[in-house]
Amino acid sequence: METIRSVKGTSDILPEESPKWRYIEAIINSLAEIYNYREIRTPVFEETAVFARGVGEYTDIVTKEMYTFQDQGGTSLTLTPELTASVVRSFIQHHFDQTYPLNKLYYITPLFRQERPQAGRQRQFHQYGIELIGSEHPEADVESIAFALHIYHRLGLGSGNGANQSHLTLRINSIGDSACRPPYLETLRNALQPHLEDLCKRCQDRFQHNTLRLFDCKNESCQQILSQYAPKITEHLCPACEQHFQSVLSQLEVLQIPYQVDATLVRGLDYYTRTTYEITSDLLGAQDALCGGGRYDLLVEHLGGSPTPAVGFAAGIERLIMALDALDLFPEFTDTLDLFIVVIGDDIRPHAYQMLQSLREKNIVCDMDLLRRSVKAQFREADRQNARYTIVLGENEIQAREATVKDMASGEETPVPFDQVENFILHGIRENQFQ
Ligand code: HAM
């Protein structure tokens, strides 16, 4: 029979890899607490309308990347391709704004996009992110950026110490709002109309309905036309957007956060207004965006809520792991046991298991052999698992109610009455911690 394999573009997080995930997740959780964000978990599928309306019907995500299916009742459902629209759906449904005017939310979640798999691009991938819903002010944009960078710094990435800093680049732009973007798009189309024939097929398709995304085209000749003829959005912002943008930039300067203004940074989701940003890294290949975000002041209203400004970012965990691996920034994760119980004779096993369980009740990390292997093989296993102590339990020890505890590093053996084993081990572990 042919072996069944994981679906293309998905991967197992194997036991050797999962300590990295837990390490990253612990840092995200702890910083989220420090920044006063509360966790939100939304379902992995939603009604398709959440994304069709939320992300935008002409976006790549909605036109070609969603995993969409019908349930038995005929409702169209979609596996979440991104979480901002889901969080906003939840925000509206649960009337978050009636409890508090500002909601600071974060998440760590799997997502699904039917993209062409390559390094740093999967069909199931994971993001952590924040959504700061309720503030229109530039300091909210700045907080989202500062938070995103803080996580990298905590992980040792781009923490401002010389060469390492250069591995992260913050690119930032403002794409205006409903006052200044429509006239800008008109100006952009007018400027490009005479060159429409020279643009690639994809750009010609985007010209009418997704004009801003022309800037995302990787085709060299399109890029040349754009750089020669396209007016810059940053030069067409209305006074309110311009003021907002300048305030974001100056607050970044106060925080000594380096940035590059990039007037072509338009992002692939339709909900953005004003600030857009990305943090890229030269440690990654073609898919170099570690994190993307921005302001979306119209999305809550667009999905049926009352007008509420918001800003947020999301960051890929697989790409983050690639970057941390490239610089060898993970601590060493070694599996260790406090204790391994070696058993002589099958009759002894129930007693040994009883001891094991009572030690586990005391939070001692311990195990015994469940394969009924020889004493020699059990010691080998204790070694393999880096056990700090072993106890040999046989008929004699059970009779005497005394165990011989062996310190595996020094080889020293100590006879310890059963009722003192727990204290002996706990004492040893604590001493070890302070060495
Ligand atoms: P996004 O730019 O689509 O934004 O995704 C954010 C990050 O998720 C990317 O920078 C990348 O690190 C990671 N990512 C995206 N697609 C893949 C993939 N196929 N494989 C691996 N990693 C991937 C959003 O999702 C917005 N919801 C961000 C946001 C939150 N804006 C405001 N709030």
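For clarity, every value in this text was computed on a predicted model and none was experimentally measured.

What counts, and where the lines are drawn
- Residues numbered from 1 in each chain as written.
- Predicted model: local features only at pLDDT ≥ 70, side-chain atom pairs only at ≥ 80, totals over all residues.
- Heavy atoms only, no water.
- Helix = DSSP H or I, 4+ residues; strand = E, 2+ residues; numbered from the N terminus.
- Rg over C-alpha atoms; globule rule 2.2 N^0.38 Å.
- Buried < 20%, exposed > 50% of the residue type's maximum accessible area, 1.4 Å probe, protein only.
- Contact = heavy atoms within 4.5 Å.
- Areas by Shrake-Rupley, 256 points an atom, 1.4 Å probe, with all protein chains shown as cover.
- Lys, Arg positive; Asp, Glu negative; His and termini not counted.
- Charge placed at Lys NZ, Arg CZ, Asp CG, Glu CD.
- Salt bridge = Lys/Arg side-chain N within 4 Å of Asp/Glu carboxyl O.
- Domains from an automatic or database assignment.
- Near = heavy atom within 4 Å.
- Polar contact = N/O pair within 3.5 Å; in protein donor to acceptor, adjacent residues only side chain to side chain.
- Pairing = 2+ DSSP bridges.
- Axes fitted to C-alpha atoms, helices over the stretch in contact; angles between N-to-C directions.
- Parallel < 35°, antiparallel > 145°, perpendicular 65-115°, else oblique.
- Nonpolar A, V, L, I, M, F, W, Y, C, P; charged D, E, K, R; others polar.
- Phe/Tyr/Trp six-rings, centres within 6.5 Å; stacked < 30°, edge-to-face > 60°.

**Regarding the overall build of the chain**
A count of helices and strands for the chain gives 16 helices and 16 strands. On C-alpha atoms alone, the chain measures out to a radius of gyration of 28 Å, which is more than a quarter above the 22 Å that the 2.2 N^0.38 rule sets for 435 residues. Counting only C-alpha atoms and orienting by the principal axes, one finds that the chain spans roughly 95 × 55 × 45 Å. Within the chain, buried positions represent 51% of all 435 residues. Contacts spanning at least 24 positions in sequence make up 69% of the contacts within the chain whose residues lie at least 6 apart. In the form shown here, the chain has an accessible surface area of approximately 22500 Å², with 48% of it arising from carbon and sulfur atoms. Here the chain carries 40 positive and 60 negative side-chain charges, and the mean point of each set is 3 Å from the other.

**Structural notes on helix H4 (residues 84-93)**
Among the ten residues that make up H4, nine are buried, leaving the element largely enclosed by the rest of the structure. Looking at H4, one finds that the buried residues are Thr84, Ala85, Ser86, Val87, Val88, Arg89, Ser90, Phe91 and Ile92. Along its buried surface, H4 packs onto strand S2 (45-47), helix H2 (48-54), helix H5 (96-99), strand S5 (103-112), strand S6 (124-133) and helix H11 (299-302). In the stretch just after H4, His95 is the one whose phi turns positive, near 50°.

**A look at the environment of Pro194**
Turning to its location among the elements, Pro194 is positioned in the loop between helix H7 (181-192) and helix H8 (201-209). For Pro194, a relative accessible area of 60% gives the class exposed. Between the C-alpha atoms of Pro194 and Tyr229, which are 35 residues apart in sequence, the distance is 9.9 Å.

**Examining the pattern of salt bridges**
Opposite charge on two side chains allows them to pair when their charged atoms are near. On inspection of all chains with the given rule, the structure shows 26 salt bridges. Where Arg41 meets Glu39, a salt bridge forms, and the shortest distance between an N and an O atom there is 3.1 Å. According to the relative accessible area criterion, Arg41 is exposed, its value standing at 72%. Across the salt bridge formed by Glu143 and Lys104, the nearest N and O atoms sit 2.8 Å from each other. Of this pair, Glu143 sits in helix H6 (residues 138-154) while Lys104 sits in strand S5, placing them 39 residues apart in sequence. The class of Lys104 is buried, set by a relative accessible area of 16%. Through salt bridges that share partners, Asp60, Lys64, Arg202, Arg206, Arg213 and Asp216 make up one connected network.

**Here's the deal with the domain arrangement of the chain**
Entries for the chain in the domain assignment read domain 1 (18-180 + 237-326) and domain 2 (339-428). Placing a centre on the C-alpha atoms of domain 1 and another on those of domain 2 gives a separation of 50 Å.

**Observations regarding the site of the ligand**
In the vicinity of the ligand there are 27 residues, among which Glu82, Thr84, Glu115, Arg267 and Tyr272 approach most closely. Taking Thr84, its side chain carries an N or O atom lying 2.8 Å from a nitrogen atom of the ligand. Bound to the protein, the ligand loses 95% of the 660 Å² it would expose on its own. At the level of elements, S6, strand S10 (289-295) and strand S11 (310-316) are the ones that each hand at least two residues to the shell around the ligand. It is S10 that contributes the most residues to the shell around the ligand, six residues altogether.

**Quick notes on the pairing of S5**
The buried fraction of S5 amounts to eight of the ten residues, a majority that puts the element mostly inside the structure. Two strands pair when backbone bridges link them, and strand S1 (residues 38-39) and S5 are joined in this way by two bridges, in the parallel orientation. Across the sheet, the residue bridging to Glu39 is Tyr106, located in S5. Note: S5 against S6, ten bridges, orientation antiparallel. The residue of S6 that forms the bridge with Pro110 is His126.

**Comments concerning the packing of helix H1 (residues 18-34) against helix H12 (residues 317-326)**
The interhelical angle for the contact between H1 and H12, taken along N-to-C directions, is 105°, at an axis separation of 11 Å. It follows that H1 is roughly perpendicular to H12 by the angle criterion. The residues of H12 that touch H1, namely those facing Lys20, Trp21 and Ile24, are Ile317, Glu318, Leu320, Ile321, Leu324 and Asp325. For the contact of H1 with H12, the per-class residue count stands at six nonpolar, no polar and three charged.

**Observations concerning the sheet that holds strand S15 (residues 402-407)**
For sheets, the rule is that strands pair by backbone hydrogen bonds, running either parallel or antiparallel. An order of S13-S12-S14-S15-S16 is seen for the five strands of this open sheet, with the pairing classed as mixed. The open sheet has two edge strands with one neighbour each: strand S13 (366-368) and strand S16 (413-417). Strand-to-strand twist in this sheet, taken as the mean axis angle between neighbours without regard to direction, amounts to 25°. In this sheet, S15 lies alongside strand S14 (residues 387-393) in antiparallel orientation, the contact comprising four bridges.

**Here's the deal with unusual backbone geometry**
With phi around 50°, His95 is a residue other than glycine that occupies positive phi space. With respect to the helices and strands, His95 occurs in the loop between H4 and H5. In this structure His95 comes out as partly exposed when scored by relative accessible area, which is 43%.

**Comments concerning the packing of aromatic side chains**
Each aromatic ring pair is characterised by the separation of its centres together with the angle its planes make. For the structure on display, the rule yields twelve aromatic pairs. Judged by centre distance (5.8 Å) and plane angle (65°), the rings of Tyr23 and Phe333 are edge-to-face. In this pair, Tyr23 sits in helix H1 while Phe333 sits in the loop between H12 and strand S12 (337-343), placing the two residues 310 residues apart along the sequence. Accessibility expressed as a relative area gives 23% for Tyr23, which makes it partly exposed. For Phe333, a relative accessible area of 34% corresponds to the partly exposed category. By the ring-pair criterion, three or more aromatic residues cluster together here, those being Tyr35, Tyr37, Tyr128, Phe147 and Phe313.

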